[in-house]
Each structure stands twice: as structure tokens, then as C-alpha cells.
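# Overview (structure and organization)
Next come the chains, spelled out residue by residue.
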Amino acid sequence: MSVTAPVRGVAVAVAVAAVLSLPRWLPARIVALRTRVFARINGEEGITVPGDLVGVERFRELYSHPAADGRSRGAALSDLFWYWLSPGAEIHQEHLEAGERYDAVARATRGFLSVPRVEAEELTRRCVARTLRDAGGLVRLRDLMMPVWAEFYYELVFGEPCPPAARDLIVGNADDVVTALKCCGLRHMDRRDRLTRYLAGLLPRVRDRLPAGLSAREQVLYLQGTFFNTAVVQMSEAMAHLLMVLAQHPDAQAGVLTGDDRHLDRVISETLRLYPLFGIAHRVTTGDISLDERTTIPAGSVLCFDYPAFHREGFSDPGRFDPGRFAADRSHANYSHLDRSHQVPPKPEDSGRTRQDRPAVRELNHIPFGVAANRPCPAWRLAPITMRVAAREVVRAYTLDTSASHTRSMPNRGPCLLVPRGAPRRAAHRATLVFMRFRDRWEDVWRSLVQLVLGTYMVWDARRQRLCERHFTEADRLAATESR
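Right, let's walk through the structure included here. (Residues numbered from 1 in each chain as written. Predicted model: local features only at pLDDT ≥ 70, side-chain atom pairs only at ≥ 80, totals over all residues. Heavy atoms only, no water.)

## Quick word on the overall build of the protein
Of the regular secondary structure elements, the protein holds 16 helices and eight strands. Taking all 484 residues of the protein together, the buried fraction comes to 50%. Taking contacts inside the protein between residues at least 6 apart in sequence as the whole, the part at least 24 apart equals 77%. Taken as a whole, the protein presents about 22600 Å² of accessible surface, with 55% of it coming from carbon and sulfur. (Helix = DSSP H or I, 4+ residues; strand = E, 2+ residues; numbered from the N terminus. Buried < 20%, exposed > 50% of the residue type's maximum accessible area, 1.4 Å probe, protein only. Contact = heavy atoms within 4.5 Å. Areas by Shrake-Rupley, 256 points an atom, 1.4 Å probe, with all protein chains shown as cover.)

Rendered as C-alpha cells:
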């Protein structure tokens, strides 16, 4: 008995220590395991860029190559993305192959997004103001921002204020899409289908021209996929990252209050460098691409462009938040002046300066909206304008503070404490941040396990359903029938 009691005490102490250490090591191990499982189920596919075959110095060149223009057909990865983005992935602008249909869809999207800057800014203010009426306290920033962009894009598409019922349907749809994408929950097609049916009834009220050559159902799916999936999700994620950065860096937050647009532009640029909205963008080569005399990437290869890796190369201490990297003419304020080559035309007052004194955006490893030659984000102009207004409105109303982790994928949805601007900092403030940190670390343990299980299932289910592969097989069959 005298030996057993100490041994039992040591065993208990070791067990307790092991449990308490879980947040430090388990999530990272499970992420690595999930990556291996995904590769095993989905197949070893793709040439990662930058990587062993193509270095960072040729990233843009390869991304812009005319033969790197295939989007979905022939890539096993496409089955997974179509699964996550259903319904309507086959009509989604980002997943359409090049051709007349893509051109019509891209043209329509540009029409909807081509709103005057003043109008876009005022619409953003109104949408943020309505959302902030019920805000405050502990929030998840992605959840806070999603109704803002649901209302914004509804009014952009239909030219009238968004009713609460429509906002709830859009938020439910977008939240389901991004939750599935992050493997934090299974997809719920009933939620998505409810929005599809609702939008079908609104089709005659669309304020701009819809893509030509599409059926009524395809037009509905175009609206749902482009504006009420992708736009709402991406803008909510972008704003959550931006507000998390401001919560983590009080000096940057104070700079926003001064109304200095250049400061805010640099903060936005650095935020999107550290936390790019895209992880991997894949393209399928439609022809051979010669790299040198000995190396050729054959047609049908899947190129996986790694945005986070590209954004880290060429920067000193790349993991550090430093908006000063985007000083001079490198801020988002100049993105509206980008031409098709991503060069910034010289300003008149800079005419006497040397090229070395005028660094160009294209010289930075920084492409938050893609490259002009290969399907850049259609909101590359509008997004920074609206982000700037939304950030300023939130910071004017609240002081932001957080102790939660901040990663590119942000599966925790951005926990943050909002305190009314000017309110005194009470004793409970620090206690709330301690609680937030504790909760976030332990949620990460449970969430990583959920992501492993649900992610594995969804990758398997996507491979089983083969939505993309079956779509093109059926298209080929119909084409062969019509040609007889």
C-alpha cells in the first residue's frame, strides 16, 4: 500500500499533465493527419507552386500562362470543391471552363459590381450601422460580419433594401458553405435549397442584366453562387481577419480612428498578405508548358498555386505584422489603377523619381485578388473600398480586443470582445479575455477532432458522388449525340 499510493499519484499527475497539454500539440498533429487522409482519399494530384519544380520567382509567370486556363475538368480536386459549393457549382464563375458561357457570366458579374464608389461606401455604412445596433460584448467576427454582406449584396443585386427573411436565408446558406469548407460541419442542402427557391421568385426584380444563354434555374444558381455564396463568405472572412488584426494591434486600431486612408490601406494589404483568403487555387493545363530545355509540364496537369507560401517569400520576418511593408505606392488605394500587367502607372509628381524609388505592386509577392491574366477576383476593385468603410465604422463604435488564436483558415470564426468606444475598461475586461483564451484553446482541441472526422467523410463522399466528373461525362455524351 505504501508503494501503490505514490505510484497512483504519479500516474494521476502524468494523466492530468497530458490532458492539460492537449491544446499545445494535438490540433497541429490532427491537422497533419487530416492532410494525409485527404491526400490518400483524393489521390496524389497536383504540382504545387512554388515547389520543387517551379520556384517562387516563376509563380506569376506560370499563373499567367495561357495554357494554365483549365478550371475544373480533369482535376479530382474539382469534385471536392463542387461538393462544397453545391448547388450550382457547374455555373459558378470560378469553376466554368473558358468559353462563351464563362465570358457571359464574367460580363454580368462586372456589371453588378460596377457601382460608383460613393454609392458603394454609403451602402456599406448603412449595412454596418444596422448590424452594429445589436452588437457588443463577446462576438465571433465572422458571424458579426455575415449579415452586413448579406444585406450589401442583396441590395447590390436587387436594388432594394434586404428584408430580414432574405438576410436570414442568405446568412444560413453562406454559413453552411463556409462551415463545410472548413470541415467544421457537414453541408445541409436543405438550407441551400431554401435560398435557391427564394431567389427564383425574385429573378424578375434583378437590377442588372443576367448572363445571356442561361436558363432561369441557371441564372438563379449564378446569383446564389457568385453573390450569396462566394461574395458573402469571402467578404465576411476578409473583414473578420482585418478586425482580428486590429484587435491584436492597438496601434493599428488607433491609426484607423485618425481617418488616415493610407494607414488603413496598408493594414488591409498586410492583413491579406498574412491571411490570404485563398489557400490553394488549382488550375488544369490545357496545353504543354515548357519551363526550360529539359522540363515540360504536360497538358492535363493540375497546378496548385499556394497563396500563403507565395505571400511569405521575399519578406523579412514574414510572420510579423508590419503594414510598413506597403508604404509608398504599394497600398490597396492604388489597385484601382492597375492595368492588365499589374503595373502601377507613374503619378505626375513622381515623374522625376527613379524606378528604384517607385516600387511597383507587381514587384511584391502579394496577389490577394489573383493575377489579371488568369481570373482575378471580380471584386478586386470593390472589396478594398467596402472593407475600408466597414472597418472604420466598427472601430468608431467599438474598441476591439482579443486573446484568441488567429490563423489563415480561422475555424474559430474570430472571437473578439467589443467594448463601446469611450467606455471605461472595467475589471471584468481582463477576466473576459482570460476566459476567451481558455475557451479558444480547448475548442481547438475538440474542433480539430471534428474536422478530422467530418473532413474525411466529406472528401470520401465527394469522391463517391463525382459531381464534376459526372457533369463533364454527361456533357460529352450529349455533345456526341448531337453531332451524329
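## Quick word on the environment of Glu97
Along the chain, Glu97 falls in the loop between helix H4 (76-85) and helix H5 (100-113). Judged by relative accessible area, Glu97 falls into the partly exposed class, the value being 24%. For the pair formed by Glu97 and Gly70, sequence separation is 27 residues and the distance between their alpha carbons is 6.1 Å. Not counting the four nearest positions on each side in its chain, Glu97 is found in contact with Gly70, Arg71, Ser72, Arg73, Tyr102, Arg375 and Phe472. One polar contact links the side chain of Glu97 to the main-chain amide nitrogen of Arg71, over a distance of 3.1 Å. (Polar contact = N/O pair within 3.5 Å; in protein donor to acceptor, adjacent residues only side chain to side chain.)

## Focus on the pairing of strand S3 (residues 280-284)
Counting buried positions along S3 yields four of five residues, so the element is predominantly enclosed. Alignment of S3 against strand S6 (residues 302-306), held across five bridges, turns out to be antiparallel. Looking at S6, one finds that Ile280 is bridged to Asp306. (Pairing = 2+ DSSP bridges.)

## Quick look at the pairing of S6
Each regular strand shows side chains that alternate between the opposite faces of the sheet. Here S6 lies mainly inside the structure; five of its five residues are buried. Burial along S6 is two-sided: Val302, Cys304 and Asp306 and Leu303 and Phe305, pointing in opposite directions, are all buried.

## So, the side chain of Thr226
Secondary-structure assignment places Thr226 in helix H10 (residues 216-248). In contact with Thr226, not counting residues within four places along its chain, are His92, Gln93, Thr109 and Ala231.

## What about the nonpolar core?
With 84 residues, the main nonpolar core has Trp149, Tyr153, Tyr222 and Phe228 as its most contacted residues. With 19 residues, the top contributor of residues to this core is H10. Those residues within four positions of Trp149 in sequence are excluded, and the remaining contacts are Thr124, Val232, Met235, Ser236, Met239, Thr386 and Ala390. Counting residues in each nonpolar core, the second largest holds 18 residues, with Phe59, Ile297, Leu303 and Phe305 among its members. (Core = buried A, V, L, I, M, F, W, Y, C linked by side-chain atoms within 4.5 Å.)

## Remarks on the pattern of salt bridges
Counted according to the given criterion, the structure contains 37 salt bridges. Residue Glu94 is joined to Arg283 by a salt bridge in which the shortest nitrogen-to-oxygen separation is 3.3 Å. With Glu94 in the loop between H4 and H5 and Arg283 in strand S3, this residue pair connects regions lying 189 residues apart in the sequence. For Arg283, a relative accessible area of 1% gives the class buried. Arg142 serves as the salt-bridge partner of Glu237, at 3.6 Å between the closest nitrogen and oxygen. Here Arg142 lies in helix H7 (residues 141-158) and Glu237 lies in helix H10, a separation of 95 residues in the sequence. Here the two residues Glu237 and Arg142 agree in accessibility, since each one is buried. Among the charged side chains, a network of salt bridges with common partners joins Arg140, Arg439, Glu443, Asp444 and Arg447. (Salt bridge = Lys/Arg side-chain N within 4 Å of Asp/Glu carboxyl O.)

## Observations regarding the side chain of Thr124
Looking at where Thr124 falls in the secondary structure, it is placed in helix H6 (residues 117-132). On the basis of relative accessible area, Thr124 is assigned to the buried category, the value being 0%. For Thr124, the contacting residues outside a window of four places in its chain are Trp149, Phe152, Thr386, Val389 and Ala390.

## Some thoughts on unusual backbone geometry
Residue Pro50 follows Val49 across a cis peptide bond; omega there is 0°. Along the polypeptide, Pro50 turns up in the loop between strand S1 (47-49) and helix H3 (59-63). One non-glycine residue, Arg375, lies in the positive phi region at around 55°. Within the fold, Arg375 resides in the loop between helix H13 (307-312) and helix H14 (382-397). What makes Arg375 buried here is its relative accessible area of 13%. For Arg466, which is not glycine, the phi torsion reads 50° and is therefore positive. Tracing the sequence through the fold places Arg466 in the loop between helix H15 (427-465) and helix H16 (467-483).

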